Amino acid sequence: MQIGTRWAVGGEPPQSVPIAMRAAIDDEERALAELGADTAAWRWTLTWLEGLPVVELDDGTTIRLDGDDVLVTRED
C-alpha cells in the first residue's frame, strides 16, 4: 500500500483521483449534506492498493475501482 494524501470534505480531490471516483465522492458529499451531517472536521484519505486508488472518508465510507465500475461501501 502506498500512502497518498488527505483533503477536507468539500475540497478538491487530488488530480490522481480518477474522474469516475470524483463523481462518487461528489455524490457522497451531497448525500451527507442532505442528511445534515456535520462534516466540518472530516477528511478523505487517498491511498494506493496494488496500484489502484482507494479513497476513504473518516466515517468509514470507502470508494474504490473494480474494473470500470466504482464501488462505494459504507460502515454500518
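In this report, the structure presented in the accompanying data block is examined. (Residues numbered from 1 in each chain as written. Predicted model: local features only at pLDDT ≥ 70, side-chain atom pairs only at ≥ 80, totals over all residues. Heavy atoms only, no water.)

**Let's talk about the pairing of strand β2 (residues 43-49)**
Logical step 1: Alignment of β2 against strand β3 (residues 52-57), held across six bridges, turns out to be antiparallel. Bridging from a neighbouring strand, Thr 45 pairs with Glu 56 of β3.
Logical step 2: Hairpin connection, β2 to β3: the antiparallel pair is bridged by two residues, and Glu 50 has positive phi, about 55 degrees. (Pairing = 2+ DSSP bridges. Helix = DSSP H or I, 4+ residues; strand = E, 2+ residues; numbered from the N terminus.)

**Points about helix α1 (residues 19-35)**
Each full turn of the α-helix corresponds to 3.6 residues, which orients residues three or four apart in the same direction.
Logical step 1: Here α1 spans 25 Å end to end across 17 residues, near enough to the 24 Å set by a 1.5 Å rise per residue.
Logical step 2: Burial in α1 covers these residues: Met 21, Arg 22, Ala 24, Ile 25, Glu 28, Glu 29 and Leu 32. All buried residues of α1 project into a common sector of 160 degrees when viewed along the axis, lining one side. Opposite the packed face of α1, turned more than 90 degrees from it, sit the exposed residues Ile 19, Ala 33 and Glu 34. (Expected span 1.5 Å × (residues − 1). Buried < 20%, exposed > 50% of the residue type's maximum accessible area, 1.4 Å probe, protein only. Arc of directions from axis to C-beta.)

**A closer look at the environment of Val 9**
Logical step 1: Mapped onto the elements, Val 9 comes out in the loop between β1 (2-8) and α1.
Logical step 2: Sequence separation between Val 9 and Trp 48 is 39 residues; the distance between their C-alpha atoms is 19 Å.

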